[in-house]
Protein chains: 2
Amino acid sequence: MPIYTPPLRDMQFVLHEVLEVGREFQALPRHAEVDADTVNAILEEGGKFASEVLLPLNQVGDEQGCTLDRETHEVRTPAGFKEAFAKYVEGGWPALSCDPEFGGQGLPIVVNQAFYEMLNSANQAWTMYPGLSHGAYEALHEHGTEDQKRLYLPKLTSGEWTGTMCLTEPHCGTDLGLLRTKAEPQPDGTYRITGQKIFISAGEHDMAANIVHLVLARLPDAPQGSKGISLFIVPKYTINADGSLGARNGVHCGGLEHKMGIHGNATAQIVLENAVGTLVGKPNKGLQAMFVMMNAARIGVGMQSLGQTEVAYQNALAYAKDRLQSRSLSGIKAKDKPADPIIVHPDVRRMLLTAKAYAEGGRALSLFCALLIDRELQHTDEKVRKDSAELVALLTPIVKAFLTDNGHIATNACMQVFGGHGYVREWGMEQFVRDNRINMIYEGTNTIQSLDLLGRKVLGNNGATLKKLGKMIGQLVEQEGVNEQMAEFINPLAALGDQMTKFTTELGFRAFQNADEVGAAAVDYLRVAGHLVFGYFWARMAQVALRRIEAGDTDPFYQGKLQTARFYFARLFPETASLMRSARSGAKVLVDTDQALA
Amino acid sequence: MPIYTPPLRDMQFVLHEVLEVGREFQALPRHAEVDADTVNAILEEGGKFASEVLLPLNQVGDEQGCTLDRETHEVRTPAGFKEAFAKYVEGGWPALSCDPEFGGQGLPIVVNQAFYEMLNSANQAWTMYPGLSHGAYEALHEHGTEDQKRLYLPKLTSGEWTGTMCLTEPHCGTDLGLLRTKAEPQPDGTYRITGQKIFISAGEHDMAANIVHLVLARLPDAPQGSKGISLFIVPKYTINADGSLGARNGVHCGGLEHKMGIHGNATAQIVLENAVGTLVGKPNKGLQAMFVMMNAARIGVGMQSLGQTEVAYQNALAYAKDRLQSRSLSGIKAKDKPADPIIVHPDVRRMLLTAKAYAEGGRALSLFCALLIDRELQHTDEKVRKDSAELVALLTPIVKAFLTDNGHIATNACMQVFGGHGYVREWGMEQFVRDNRINMIYEGTNTIQSLDLLGRKVLGNNGATLKKLGKMIGQLVEQEGVNEQMAEFINPLAALGDQMTKFTTELGFRAFQNADEVGAAAVDYLRVAGHLVFGYFWARMAQVALRRIEAGDTDPFYQGKLQTARFYFARLFPETASLMRSARSGAKVLVDTDQALA
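In this text, all values refer to a predicted model and were calculated from it rather than measured experimentally.

**Overview of the overall build of chain A**
Scanning chain A from terminus to terminus reveals 20 helices and eleven strands. For chain A, the C-alpha radius of gyration of 24 Å lies close to 25 Å, the compact-globule estimate for 598 residues. Along the longest, intermediate and shortest principal axes, the C-alpha atoms of chain A span 80 × 60 × 60 Å. The burial tally for chain A puts 64% of its 598 residues in the buried class. Taking the contacts inside chain A whose residues are at least 6 apart along the sequence as the reference set, 74% of them involve residues at least 24 apart. When the accessible surface of chain A is summed, it comes to about 21000 Å², and 52% of that surface belongs to carbon and sulfur atoms. Averaging the coordinates of the 58 positive side-chain charges in chain A and doing the same for the 68 negative ones gives two points 4 Å apart.

**Quick look at the nonpolar core**
Nonpolar side chains tend toward joint burial in soluble globular proteins. With 208 residues, the main nonpolar core has B:Leu43, B:Leu352, B:Leu365 and B:Leu395 as its most contacted residues. Broken down by element, the residue count for this core peaks at 19 residues, all from helix α17 (residues 516-550) of chain B. A:Leu119, A:Cys369, A:Ala529 and B:Ala139 belong to the second-largest nonpolar core, a separate cluster that totals 206 residues.

**Side note on the interface of chain B and chain A**
Counting from both sides, the interface comprises 96 residues of chain B and, opposite them, 96 residues of chain A. Looking only at chain B, the three residues that lose the most surface to chain A are B:Tyr423, B:Arg571 and B:Leu597, adding up to 11% of its buried area. Our count for the contact surface shared by chain B and chain A stands at four salt bridges. Here B:Arg571 ties to A:Asp524 by a salt bridge, and the two come within 3.0 Å at their closest N and O atoms. Summed over the shared surface of chain B and chain A, the result is 61 residue pairs in polar contact (both at pLDDT 80 or more). When residues of the side of chain B that touches chain A are assigned to their parent elements, the largest contribution, nine residues, is made by helix α18 (residues 556-572) of chain B.

**Considering the pairing of strand β5 (residues 191-201) of chain A**
Across the eleven residues of β5(A), eight count as buried, placing the element largely inside the fold. Between strand β4 (residues 182-185) of chain A and β5(A), which pair antiparallel and follow one another directly, the connecting turn spans five residues, one of which, A:Gly189, has a positive phi of 90°.

**A word on the environment of B:Val251**
Residues and elements named next belong to chain B. With respect to the helices and strands, Val-251 occurs in strand β10 (residues 251-256). For Val-251, a relative accessible area of 2% translates into the label buried. In sequence terms Val-251 and Leu-272 are 21 residues apart; their C-alpha atoms lie 4.5 Å from each other. When near neighbours in sequence (up to four residues on either side) are disregarded, Val-251 contacts His-213, Val-234, Pro-235, Lys-236, Ile-270, Val-271, Leu-272 and Ala-275.

**Comments concerning the pairing of strand β7 (residues 230-235) of chain A**
Residues and elements named next belong to chain A. Burial runs high along β7: six of the six residues are buried. Side-chain alternation along β7 places Ser-230, Phe-232 and Val-234 on one buried face and Leu-231, Ile-233 and Pro-235 on a second face that is also buried. Sheet topology places strand β6 (residues 210-217) next to β7; six bridges connect them, and they run antiparallel. In the sheet register, Leu-214 faces β7, and the bridge partner there is Ile-233. Alignment of β7 against strand β11 (residues 267-280), held across three bridges, turns out to be antiparallel. What sits directly across from Leu-231, in β11, is Val-280.

**Details of the packing of aromatic side chains**
Following the criterion strictly, the structure yields 58 aromatic pairs over all chains and no others. Ring centres of B:Tyr88 and B:Phe115 lie 6.2 Å apart, and the angle between their planes is 10°; this geometry places the pair in the stacked category. Linking B:Tyr88 in helix α5 (residues 81-90) with B:Phe115 in helix α6 (residues 109-122), this pair joins segments that are 27 residues apart in sequence. According to the relative accessible area criterion, B:Phe115 is buried, its value standing at 0%. An aromatic cluster of at least three residues, connected via ring pairs, comprises A:Tyr358, A:Phe402, A:Phe489, A:Phe534, A:Trp538, A:Tyr568, A:Phe569 and A:Phe573. Sitting over the face of the ring of A:Phe557, A:Arg9 holds its NZ or CZ atom 4.1 Å from the ring centroid. If you follow B:Arg248 out to its NZ or CZ, it ends over the ring of B:Tyr237, 5.6 Å from the centre.

**Some details on the relation of the copies chain B and chain A**
Taken together, a rotation about one axis and a shift along it account for how the two chain copies relate. Overlaying chain B on chain A yields an RMSD of 0.0 Å, the required transformation being a rotation through 180° with an accompanying axial translation of 0.0 Å. The symmetry that links the two subunits is that of a two-fold axis. Residue B:Ser578 of chain B places its C-alpha closer to the rotation axis than any other residue of that unit, at 2.7 Å. Comparing interface residues between copies, 100% of those in chain B also sit at the interface in chain A, which points to an isologous, same-surface contact.

**Looking at unusual backbone geometry**
The phi angle at A:Ala202 is positive, at roughly 55°, despite the residue not being glycine. With relative accessibility at 1%, the residue A:Ala202 sits in the buried group. The phi dihedral of B:Asn274 falls on the positive side, at around 60°, and the residue is not glycine. Structurally, the position occupied by B:Asn274 is in strand β11 (residues 267-280).

**Some details on the side chain of B:Thr576**
Along the chain, the position of B:Thr576 falls in helix α19 (residues 575-584). Setting aside its immediate chain neighbours within four residues, B:Thr576 contacts A:Ser578, B:Leu496, B:Val528 and B:His531.

**Things to note about the confidence of the model for chain A**
Mean pLDDT over chain A works out to 97, with 100% of the residues at or above the 70 mark. Reported confidence for the predicted complex is 0.97 by ipTM and 0.98 by pTM.

**Section: the packing of helix α15 (residues 464-480) of chain A against helix α17 (residues 516-550) of chain A**
Residues and elements named next belong to chain A. At a minimum axis separation of 11 Å, α15 and α17 run at an interaxial angle of 35°. Like other packed secondary-structure pairs, α15 and α17 cross with a definite hand, here left-handed. Between α15 and α17, the contacting residues are Leu-466, Leu-469, Met-472, Ile-473, Leu-476, Gln-479 and Glu-480 on the first element and Tyr-525, Leu-532, Val-533, Tyr-536, Ala-539, Arg-540, Gln-543 and Arg-547 on the second. For the contact of α15 with α17, the class distribution of residues is ten nonpolar, two polar and three charged.

**What about the packing of helix α11 (residues 382-417) of chain B against helix α14 (residues 446-458) of chain B?**
Residues and elements named next belong to chain B. At a closest axis distance of 9 Å, the pairing of α11 and α14 adopts a crossing angle of 155°. One way to sum up the angle between α11 and α14 is to call them roughly antiparallel. Considering how the two elements wind past one another, α11 and α14 form a crossing that is left-handed. Across the interface between the two elements, Ala-393, Leu-394, Pro-397, Ile-398, Lys-400, Ala-401, Thr-404 and Asp-405 of α11 pack against Asn-446, Gln-449, Asp-452, Leu-453, Lys-457 and Val-458 of α14.

Scoring rules and cut-offs
Along each chain, residue indices are assigned from 1 in the same order as the chain's sequence is written. Each chain is given a letter, starting from A, and each ligand a number, starting from 1, according to the order in which they appear as written. Confidence filtering applies because this is a predicted model: local features only for residues at pLDDT of at least 70, side-chain atom pairs given and counted only at 80 or more, and all residues used for totals across whole chains, interfaces and linings. The side-chain figures draw on all heavy atoms in the structure; neither hydrogens nor water molecules are used. Only DSSP runs of H or I with at least four residues qualify as helices, and only runs of E with at least two residues qualify as strands; both kinds are numbered from the N terminus onward. Two things to know: the radius of gyration comes from C-alpha atoms, and the globule rule equals 2.2 Å times the number of residues to the power 0.38. To sort residues, take the accessible area from a 1.4 Å probe on protein chains only and compare it with the maximum for the residue type: under 20% means buried, over 50% means exposed, and anything in between is partly exposed. Any two residues whose heavy atoms approach within 4.5 Å at even a single point are treated as in contact. Under the convention used here, a 1.4 Å probe and the Shrake-Rupley method define accessible areas, while residue burial counts only the protein chains that appear. Positive residues here are Lys and Arg, negative ones are Asp and Glu, while His and the chain termini are left out of the count. For charged residues, the charge sits on one atom: NZ in Lys, CZ in Arg, CG in Asp, CD in Glu. For the purposes of this section, nonpolar cores are sets of buried Ala, Val, Leu, Ile, Met, Phe, Trp, Tyr and Cys residues that join through side-chain atoms within 4.5 Å. Note: buried area is the sum, over both parts, of the accessible area (probe 1.4 Å) each one loses when the two are combined. Salt bridge, as used here, is a side-chain nitrogen of Lys or Arg placed within 4 Å of a carboxyl oxygen of Asp or Glu. By the criterion applied in these results, polar contacts are pairs of N or O atoms within 3.5 Å in which, for protein atoms, one can donate a hydrogen and the other can accept it, and in which residues neighboring in sequence qualify only through two side-chain atoms. Note on pairing: DSSP must find at least two bridges between two strands before they are called paired. Side-chain rings of Phe, Tyr and Trp (the six-membered ring for Trp) are treated as a pair once their centres are within 6.5 Å; stacked means planes under 30 degrees apart, edge-to-face means over 60, and tilted covers the remaining angles. Lysine NZ or arginine CZ positioned within 6 Å of the ring centre and within 35 degrees of the ring normal marks a charge as sitting over the ring. Only residues with pLDDT of at least 70 in both copies count here: their C-alpha atoms drive the least-squares fit that superposes the copies. pLDDT expresses how confident the predictor is about each individual residue, on a scale running from 0 to 100. Axis lines are fitted through C-alpha atoms, for helices just across the contact stretch, and the angle between N-to-C directions can take any value from 0 to 180 degrees. Here is the rule for handedness: rotate from the far helix to the near one, and if that takes an anticlockwise turn smaller than a right angle the crossing is left-handed, while a clockwise turn gives right-handed. For this classification, the nonpolar set comprises Ala, Val, Leu, Ile, Met, Phe, Trp, Tyr, Cys and Pro, the charged set comprises Asp, Glu, Lys and Arg, and every other residue, Gly included, is treated as polar. For classification purposes, angles smaller than 35 degrees are called roughly parallel, those larger than 145 roughly antiparallel, those between 65 and 115 roughly perpendicular, and all remaining angles oblique.

Shown next as structure tokens:
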């Protein structure tokens, strides 16, 4: 069975030494009292839950999957999933970062995010149940009426109920403007909703007393396309005015998908037949309300791949130290053994370090994003709130697409370290690859993320937000530009920053003439932007490590951090050169291909 | 269910217009009579077998897998596999390129190779049964005694029996020097073999009357390590002197692996208990004899990924033309429809063209290699035979690793085109990804291939063979260097050729000082070499296409070929810039990482 040790030391490094969250929390009244010890204690406990309760269920979930009873329409989750969820609820984990007004513990998002990384490492399929719930909580918290909040938020906060997001239909995924599910207004102010949804993660299960579906549907006479979509709450069991459960609603699971991975999560076809629902937010403004949930979910998906990257790395590292096979090319290393452990081979190290550099870079970036959200929600200064919101909007597609693509590279590299054993199920490595693979697709494919980044977030405001990011990077370059020890990190980062500015301007000009230029360049552009941000965080992490070493700290952790930073800049960062060259070749070579694609 | 149309037009293009096999066959006495019509007719029939018989069994095989009866030790293959094999035998397909002396049809290897691509597209798991058999045939044909050939080759040729290669043991895969299976000589000249093998593809099944295991084992007093390994034939049923089947031998299937993919192929644990075997080749020279089989298998594995790339491409292309979702960024394309087909999006085209360029480049390279093997075996001029053997030895690790890595990229890209539907089993796309994934691992991991290329095939003879490849490329550059229409293909190819020479020299110097430099650079080096060779074939294909167009040929195939060549050089070839930069960073950044990998 795969192993997993919560990466508490690295989380502490990022939170306290790099991001200095304690200082940040001082400026956020709700969190001013949250100190390092509290954060560390929560993560230690959370890590135990992940490694002791969830990890042992990961392979079980993959093997058993979910089963649908076609008569009752009820879904049974894999053995142990329900009990683990009960423990999760009992431990108060769903409430961690929820609003105290509705029973939450009101802790910072950044703490919840670090906690989720560990849940995802231990069991991505299981973690999607509370993950989707939390997304539904956030959408209702922001867009629900007072009544809706009073009825639903306490139960979502406690974990008594769970939530889903019902967007996709058989004929529409990316293009929600095509959706057909209908909502008929009723005299009592409710709606009757009818239609069919597919790919609904955590859509039906046996873990909670009720399931709160957030459903996109069209009102009669709604405008065509995406401007005619409204959002509704459709609970599995209707709710009485006193909050108790009423009758079974007209919503049921019509089938479960058989998927490449995340077998433990029920990917449901949801059939709505005259189901009772209530409107969330304004009519025809459902997409905006749903976007709250989707943006949170996009960062959440990035965290899923971060989790998979970390756990795959830990297992590959352990195997590489244990597996004896061949001798080092530069001379025997383990004289007392029949062969050297495979970690002596440079290419095995390359694969391991790739996963490690992507995990640790992804951890720094995603926790930074979570901290930005805390600022956005809680900071006393409106300008800080606004700037933080803008920056997190820019970084969200990067976290989603770059971390999930990196997760694909990393889980495959870690599987490769195992040789033939990596392909065999019992070792668990190929499950990481399969589970991670969905992350590049759902919550908007990575192509969609790249269009969001380049088209909307960068070119859409003439690079204004990108400039703010550039300023943040520029400050580090300025600060460390004369530090010889930092040159190996700062020089490539500064060079890429300059290239990125030119590259963006160039793409802006091209896009002005032909919108297809955005689509042609966007995927490569996002990866370059990802490396720019990772480069920034790797330089920051190297900076902190160097300072500790200079101050006489002998913890080998800091040497390890420096070595990983060097590896990152030497072996992964150079990818940007090819990406820019490829992106610069323009749209024509893709678009003028009708005979090739005949 | 996935579709598959045998790519006969492109095969004909490569065979007749690019490689001009008809002219080549003139110099090979055995094949002098083989004309284009014969080749085309065989491939058309072979394509029918693949698409009509094997394709419908691909998903069945994935779902059912193989089952072991623990009492009888017999394995049942998925429904239809056995019947398909009977048809295969009935059609005479196993004999296609086998020696007429043992019942073979004596056709060129290059024809068999093209045929195998189609089998692999339709059903990789099934194709491994005859594929392994053919490998066993080749090893015995080259190293067997006259008696062994007489007893075994006719049955392997007809397909009445199948073969396996039994190398791996639980504690040794890459490092065969560690293997422990023992062979005790008997007074009658046979051996009694005892040990345990794992990961034996096609190791046990219900498709043939007998299974001929080629087993690596140690004689008593054999030297330690890889110099003490001998090769034995161990049939499932012993063979009487008259060729009829004798008693059940002491070899049985002890278990089947549960794998990520290729479920339809039985990956067997093979238990040898005092099994009767006969020696193949000389004592302690088993690895050399097995390498015949392994080299053929390595090219065969590349062909598996070529097959997966092609079939994934065809399905993604069809889906992209059919699936309506969103509008083109550059304006509505399908006014009569609610949305445009997703093929209008540049990034969807990028994904499709990636698969297409890798498939067609891979087809040209692998058929060229097969032709080199025909030359090596049949050419009248000894120098041509020797040169061909050298070149195919250089190209073998490239075909294995570059085509399988490309298959990974391509099958994942094609799955991504399907969005969420790609992750769902029923569409079959995720199976291509899972089936292809093993190809990067078995028959020597892709890291091992890269060490074979850089360490042995390139630096091992001071670049002599690489120079021959360079000469072949240089001739094309010379020939077309002044042709303006070819500049977009020839210029980058010529530039990479020059860079490769310097790069190789530089790595040679470094390796001289520290052998770990080879291990640090090898994987990137192989990918650069792969692009050099693909660049050569894409330029050749563009050259042929341009000439046809100039000659007034209006077949849109040629325009499509040019467009794909342009795409390849613009979007895939530039990867070489980053790869060289990354490889040049050297071993230190990988090796000095003990604290990072603590």
